[in-house]
Amino acid sequence: MKQHQFEVVVVGAGGAGLMAALYASKTASTAVISKLYPTRSHTGAAQGGIGAALGNLEEDHPEWHTYDTVKGSDYLGDQDAIEFMCEEAPSIVYELEHMGLPFSRTEDGKINQRPFGGHTNNDTGRPVTRACYAADRTGHMILQTLYQQSIKNKVTFYDEFQALDVIVTDDGVAGVVALEIATGEIHVFHAKSVIFATGGWGRVWEITSNAYAYTGDGVAITLRRGIPAQDMEFFQFHPTGIYKMGILITEGVRGEGGVLINGKGERFMEKEGYAPNVKELASRDVVSRAMYLEMKAGLGIEGKRYLYLDVTPEMVNKYATLDGRTRPDGTPYRVTSEEILSKLPDIIDFCETYLGINPVTQPMPVQPTAHYGMGGIPTDKFGQVVVDKKNKILPGLYAVGENGCVSVHGANRLGTNSLLDLVVFGKHSGLKAAEYARNSGYIPLPENPAAFAEEQLEALRNSDGDEHISDIGNEMKEVMFDHVGVFRTEEGMSKALGKIRELKVRFKNIKLDDKGSVFNMDILNAWELSNLLDIAEVTTVSALKRKESRGAHARDDYPERNDKKWMKHTLAWLKEDDVKLDYKDVVFTKFKPKKRVY
Amino acid sequence: MKKITLKLFRYNPETDKKPHYDTFKMEVEPTDRVLDLMEKVKGYEDGTLSFRRSCAHGVCGSCSMRINGENMLACKTLVQDLGTNKITVEPMLGLTVLKDMIVDMKPFFIHYESVMPFFVNDEPDPAQERLQSIEDRERFDDTTKCIMCGACTTSCPSFWANEEYVGPAAIVNAHRFIFDSRDKAAAERLQILNDQFGVYRCRTIFNCTVACPRDIQITKAIGEVKKAIATGNLD
Ligand SMILES: Cc1cc2nc3c(=O)[nH]c(=O)nc-3n(C[C@H](O)[C@H](O)[C@H](O)COP(=O)(O)OP(=O)(O)OC[C@H]3O[C@@H](n4cnc5c(N)ncnc54)[C@H](O)[C@@H]3O)c2cc1C
Ligand code: SF4
Ligand code: FES
């Protein structure tokens with residue numbers, strides 16, 4: 001066992017972790033530990049853009065961004081935090097630009113912007129150009145830029161170190177326990193502040209846009225230490241994943257004018273009951289549900305479980321004319337193949353590679369894909385972890401990025417708001433963690449700081465049953481996709497919960513082939529699966545209990561939102577054989593709940 | 001479904017004196033990724049098989065390997081692309097093998113860090129964005145795509161011959177800043193690359209350009225850096 005001491009330890013090197021580290025390291029000794037090389041983080045997969053009301057192409061205001069986000073969240077987002085994020089957005093986007101981020105440019109040399117679902121001009125209700133982008137690799141450019149700045153600022157990295165446990169004492173947090181993947185050695189990082197930024201858990205579901213690494217480690221680690229997880233029933237299904245594979249086709253495609261078409265050749269989003277005003281650019285929950293209903297009604301392409309996303313210039317121009325869409329300068333909106341090529345090069349590359357089709361001439365087969373966890377480790381707007389309904393702070397612990405729940409996304413996240421969340425709250429949690437470190441001492445480590453982590457690994461290594469982790473993982477993914485997906489019922493979710501609990505029992509009876517120390521990915525994959533199983537359980541219990549439909553949580557048996565009973569955040573604690581629930585208030589400032597129509 | 005033979009390079013420093021190959025016969029879909037085949041082997045045949053992967057769609061740079069003798073991303077290569085039933089997967093050349101397909105990436109990242117791969121401009125930041133024309137932005141667009149997978153550098157005979165050569169990936173990342181109109185440290189980077197282990201090790205063999213999964217015109221970028229060093233200007 002090796003021991004290290006840093007005032008601030010950041011777990012995770014995606015957009016959130018790197019931003020936190022850049023700010024914390026200005027005044028405190030800081031280390032970043034990451035199970036992947038930083039540039040492999042899933043922030044690099046983000047395509048479409050980062051939201052900020054710069055108004056570079058047309059009128060826009062942070063207040064409009066705030067309202068759209070509140071509405072998008074189906075009123076479950078905390079309005080003080082949302083306001084804070086949207087107000088900070090322009091300055092933080094400029095800051096990224098000053099760090100060298102190569103944004104795409106407008107004719108007059110400014111950061112270019114495109115429309116995205118749910119982002120509107122609040123006066124007219126029409127889509128507004130708010131997503132700041134770098135072609136269709138905005139996340140890649142954010143990740144690269146922040147990593148480059150980390151090198152410039154000599155941030156200390158422990159690459160390919162996997163955190164397994166957080167050390168929590170009665171007085172607060174004392175550090176992190178991690179495994180050095182290359183050697184199998186355990187390292188204890190003694191710290192004053194610990195920031196979790198481990199990303200999402202979309203690998204719970206069968207069809208997903210998420211990386212193999214998206215196994216919810218931060219949420220599972222903290223759950224096991226008695227810290228609750230908030231709003232886990234709200235998991236976003238993005239409307240347009242490549243059929244069967246789940247690989248994401250950015251909403252930016254619809255922003256550029258792409259349309260969704262059913263098996264009868266209809267542009268179904270304009271139907272009454274879906275989103276007759278903004279059509280394809282409604283919130284993701286709304287579009288995914290419409291697609292699901294179309295497919296259920298047998299209107300998938302050739303009756304199958306997919307639809308077409310069409311961005312061929314003929315279709316874009318045909319529907320832009322019907323919609324009367326204009327450019328910001330008032331001229332009619334028309335696109336050419338060249339323009340599509342230059343704005344969506346990666347999407348075209350994915351389609352050519354995996355589907356053998358060219359989206360400039362052919363439609364793309366798509367289906368909703370598991371995408372983003374709105375819930376996570378509960379925090380305030382400085383990323384400080386809060387552990388009960390009264391928002392009691394756990395001193396020294398922070399969570400930020402997708403594994404945190406501020407909550408700015410509520411029941412449904414708007415596209416481009418995650419990248420924004422990463423950098424805004426990454427910055428503030430980094431500052432706060434360093435400030436806390438400055439004003440407090442190291443809490444002594446308990447006697448055997450690595451005991452719990454080692455116990456977990458030993459149990460996996462010595463397990464001598466006959467279950468395959470692949471089987472358990474596949475069965476989990478299937479049942480969660482079928483029953484805790486876009487649409488939910490009491491019966492289906494109960495079935496899923498029974499299955500997950502059965503799988504948790506079977507998991508105790510696994511057998512691993514690899515007993516070694518060097519790059520033992522077998523044992524780490526098993527540990528990650530145990531995280532996913534815990535998260536699946538917490539998600540399902542939280543979802544079963546919420547007897548209403550709100551945002552991404554849509555129930556056939558309770559189709560309406562019920563503000564009287566359910567305008568509250570779920571808090572879930574993982575117990576030995578059960579999940580305990582409690583609820584906390586939503587913060588309101590300006591906006592009263594209204595029915596959501598797009 | 002299609003019958004294939006998958007031959008995998010194996011080396012476990014804890015149990016093997018030297019590397020060997022394991023062969024698996026399997027039925028696969030022509031549209032399966034090579035990565036899918038490896039996941040199948042790991043999941044159901046041999047859990048000790050080790051390789052890096054994360055995104056599974058060619059954007060994170062984890063899974064660069066030698067597939068039938070050429071560097072490719074295992075997640076971006078479909079069985080049908082290979083045009084054969086025999087698929088051999090080996091780790092990239094020129095870096096130390098740590099276990100199976102996993103190589104030591106440290107030397108690669110040290111070269112990357114040596115070229116000042118970060119934005120430099122010490123003038124006070126304007127209140128809003130620095131302006132940049134569409135043409136100036138386009139000038140370095142290609143080299144912003146790099147995902148640091150290592151496919152280029154480890155396919156380069158000059159790098160195999162001498163691992164002190166910074167290699168194509170580092171030059172690509174220097175290029176990204178040298179030709180960014182907002183950056184102010186081009187001269188320093190050009191000086192770094194004007195070294196005996198810098199750009200002149202490149203013998204324009206083009207292996208890198210062929211290997212790059214992001215289709216970056218690497219040899220062209222290296223040529224532009226060479227020219228900038230020779231002429232002292234960036235046009
Ligand atoms: C395909 C795709 C496209 C998207 N497009 C957009 C978009 O256009 N706009 C937008 O706003 N959002 C988008 N999103 C969402 C957004 O990209 C993510 O929510 C966000 O990038 C998550 O960032 P993060 O910093 O929280 O996590 P990540 O970037 O995933 O980083 C997680 C980090 O944690 C580390 N880690 C994890 N577990 C451990 C552990 N146990 N020990 C040590 N380290 C660990 C990993 O190594 C990694 O460095 C997209 C998401 C996907 C999947
Ligand atoms: S230039 Fe291409 S091949 Fe080389 S590291 Fe970058 S992405 Fe990989
Ligand atoms: S797994 Fe990310 S590039 Fe292959």
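Residues numbered from 1 in each chain as written. Chains lettered and ligands numbered in written order. Predicted model: local features only at pLDDT ≥ 70, side-chain atom pairs only at ≥ 80, totals over all residues. Heavy atoms only, no water.

A.B. asks: Explanation requested: the overall build of chain B in the structure shown.
C.D. replies: Along its length, chain B carries nine helices and seven strands. For chain B, the C-alpha atoms occupy an extent of roughly 60 × 35 × 30 Å along the three principal directions. Evaluated residue by residue, chain B yields a buried proportion of 60% over its 235 residues. In chain B, 64% of the contacts between residues at least 6 apart in sequence involve partners at least 24 apart. Accessible area for chain B stands at about 9,900 Å²; split by element, carbon and sulfur atoms hold 50% of it. For chain B, the distance from the average site of its 31 positive side-chain charges to the average site of its 34 negative ones is 5 Å. (Helix = DSSP H or I, 4+ residues; strand = E, 2+ residues; numbered from the N terminus. Buried < 20%, exposed > 50% of the residue type's maximum accessible area, 1.4 Å probe, protein only. Contact = heavy atoms within 4.5 Å. Areas by Shrake-Rupley, 256 points an atom, 1.4 Å probe, with all protein chains shown as cover. Lys, Arg positive; Asp, Glu negative; His and termini not counted. Charge placed at Lys NZ, Arg CZ, Asp CG, Glu CD.)

A.B. asks: Hey, could you run me through the interface of chain B and chain A in this one?
C.D. replies: One frequently used descriptor of interface size is the decrease in accessible area upon assembly of the parts. Across the boundary between the two partners, chain B contributes 64 residues, which contact 57 residues of chain A. Carbon and sulfur atoms supply 51% of the area buried between chain B and chain A, which totals about 5,200 Å² over both sides. Per-residue buried area on chain B facing chain A is highest for B:Tyr44, B:His57 and B:Glu129; these three make up 13% of the total on that side. When the shortest N-O distance is used, the salt bridge between A:Asp349 and B:Lys76 registers 2.6 Å. Taken together, the connections running from chain B to chain A amount to 38 residue pairs in polar contact (both at pLDDT 80 or more). Put simply, the parts of the chain that give the side of chain B that touches chain A at least two residues each are α1 (34–45), β6 (97–99), α3 (106–113), α4 (134–139) and α6 (167–178) of chain B. The greatest single-element share of the side of chain B that touches chain A, amounting to six residues, is contributed by α1(B). (Buried area = accessible area lost by both parts, 1.4 Å probe. Salt bridge = Lys/Arg side-chain N within 4 Å of Asp/Glu carboxyl O. Polar contact = N/O pair within 3.5 Å; in protein donor to acceptor, adjacent residues only side chain to side chain.)

A.B. asks: Looking at this structure, I do not really get the pairing of strand β4 (residues 70–73) of chain B. What am I missing?
C.D. replies: Residues and elements named next belong to chain B. The side-chain alternation of β4 yields one buried face, formed by Asn71 and Leu73, and one unburied face, formed by Glu70 and Met72. Here strand β3 (residues 64–67) pairs with β4 via four bridges, running antiparallel. Directly across from isoleucine 67, in β4, lies its bridge partner glutamate 70. Between the end of β3 and the start of β4, which pair antiparallel, lie two residues, with asparagine 68 showing a positive phi angle near 45°. (Pairing = 2+ DSSP bridges.)

A.B. asks: Teacher, can you tell me more about the side chain of B:Thr154 here?
C.D. replies: Mapped onto the fold, B:Thr154 is located in the loop between α4 and α5 (157–161). What B:Thr154 contacts, discounting residues up to four positions off in sequence, is B:Asn71, B:Met92, B:Leu93, B:Leu95, B:Phe159 and B:Trp160.

A.B. asks: Hey, could you run me through a negative patch on the surface in this one?
C.D. replies: A contiguous patch of negative charge, built from A:Glu107, A:Asp108, B:Glu135, B:Asp136 and B:Glu138, is present on the exposed surface. Within the fold, B:Asp136 resides in helix α4. Given a relative accessible area of 36%, B:Asp136 falls into the partly exposed group. (Patch = residues over 30% accessible without salt bridge, like charges linked within 9 Å, V, L, I, M, F, W, Y side chains within 5 Å.)

A.B. asks: Any chance you could explain the site of ligand 2 here in plain terms?
C.D. replies: Looking at ligand 2, there are 13 residues lining it, with B:Cys146, B:Cys149, B:Gly150, B:Cys152 and B:Cys212 nearest. Split into classes, the residues belonging to the shell around ligand 2 amount to 11 nonpolar, one polar and one charged. (Near = heavy atom within 4 Å. Nonpolar A, V, L, I, M, F, W, Y, C, P; charged D, E, K, R; others polar.)

A.B. asks: Teacher, can you tell me more about the sheet that holds β4(B) here?
C.D. replies: Sheet strands pair by backbone hydrogen bonding; their relative direction is either parallel or antiparallel. Residue and element names in this part refer to chain B. Spatial ordering of the open sheet is given by β2-β1-β5-β3-β4, a layout of five strands whose pairing is mixed. Edge strands, defined here as strands with exactly one partner in the open sheet, are β2 (20–28) and β4. Adjacent strand axes in the sheet meet at a mean angle of 35°, parallel and antiparallel pairs treated alike. As defined by bridge partners, β3 adjoins strand β5 (residues 86–90) across two bridges and the pair is classed as antiparallel. Pairing of arginine 66 across the sheet is with glutamate 90, part of β5. Along the sheet, α1 contacts β1 (2–10), β2, β3 and β5; its crossing angle with β2, the most-contacted strand, is approximately 105°. (Axes fitted to C-alpha atoms, helices over the stretch in contact; angles between N-to-C directions.)

A.B. asks: Where do I start with the sheet that holds strand β11 (residues 235–242) of chain A in this structure?
C.D. replies: All names here are of chain A. Ordered in space as β11-β14-β13-β12, the four strands form an open sheet in which the pairing is antiparallel. On the outer flanks of this sheet lie β11 and β12 (259–261), each paired with one strand and no other. On average, adjacent strands in this sheet sit at an angle of 45° to one another, irrespective of strand direction. As defined by bridge partners, strand β13 (residues 307–310) adjoins strand β14 (residues 364–373) across three bridges and the pair is classed as antiparallel. Bridge pairing links leucine 309 to methionine 364 in β14.

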